[in-house]
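# Chain and residue survey
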Amino acid sequence: MLFVGRVLLTGFEPFGGETVNPASRAVSRLAGKSMDGYEVVTKVIPTVFGKSAQAVQQAIREFEPSVVISVGQAGSTHSIRVERVAVNLDDASIPDNEGNQPRDAAIAAGGPVAYWSTLPVRPIVEALTGSMIPAYISYTAGTYVCNHVFYATSHFVAVNRLPVKVGFIHVPYLPEQVVRKPHVPSMSEEMIVGALEIAVAVAVSPKMHGNSQL
Ligand code: PCA
């Protein structure tokens, strides 16, 4: 099969005492799919500062995707959160999966304070809500490993002038993660997988080519 290009989806390993991560669960379901002529390639990455970003960069070199969407769990949220901005700051409130807990640290010394997502964030959110999937634009991906990967990937693509769109999507817990957490929101795996499919379809849509964010 001949593809127009590739979309790389990454998802994190479980962290913070959880045994699953909805991000890697959903991303893995899309591995090898063909969407609008694009091949979806996926990579599960460690929830570890540094190593996570290196794994994404290695996958970019290997697959040469035209779109990279990293996906992470945001435990407190009820909606799909399409992130608009990555900031140059590591400030972890809990250790990562290898015990690292950077505080007040730049991700790239001397790098820009922030990068905008180069995905069409508003059209993605509109497509999601139009499909009755709760979603909103988020203006912070936090300062933990998710923001770290989002910023480091954006910086890597900018510095190497790669023709790659970069974005990040946070997803809620799966229902199985909240059975003993009263009042904590969750979203079904089916809905999260459907949301990622929609995000990919909008990101690769010819209508979005040359669509600048601002
Ligand atoms: N969520 C964390 C890191 C890994 C993940 O899935 C975050 O929001 O930073």
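The structure under discussion appears in the preceding block.
The rules behind the values
- Residues numbered from 1 in each chain as written.
- Predicted model: local features only at pLDDT ≥ 70, side-chain atom pairs only at ≥ 80, totals over all residues.
- Heavy atoms only, no water.
- Phe/Tyr/Trp six-rings, centres within 6.5 Å; stacked < 30°, edge-to-face > 60°.
- Helix = DSSP H or I, 4+ residues; strand = E, 2+ residues; numbered from the N terminus.
- Lys NZ or Arg CZ within 6 Å of the ring centre and 35° of its normal.
- Buried < 20%, exposed > 50% of the residue type's maximum accessible area, 1.4 Å probe, protein only.
- Contact = heavy atoms within 4.5 Å.

Turning our eyes to something else, we now look at the packing of aromatic side chains. All told, the structure shown has five aromatic pairs when counted by the stated rule. Taking 6.4 Å as the distance between ring centres and 40° as the angle between the ring planes, the aromatic pair formed by F12 and F168 counts as tilted. Highlighted residues: F12 in strand β1 (residues 5-12) and F168 in strand β9 (residues 165-171), separated in sequence by 156 residues. Through successive ring pairs, a cluster of aromatic residues spans F12, F150 and F168. Above the ring of Y173, the side-chain terminus of K181 is found at 4.5 Å from the ring centroid.

All right, on to the environment of L128 then. The topology assignment puts L128 in helix α3 (residues 121-130). Look at L128 and you get buried, because its relative accessible area is 0%. With residues up to four places along the chain from it excluded, the contact list for L128 reads I80, V82, I133, A135, A195 and I198.

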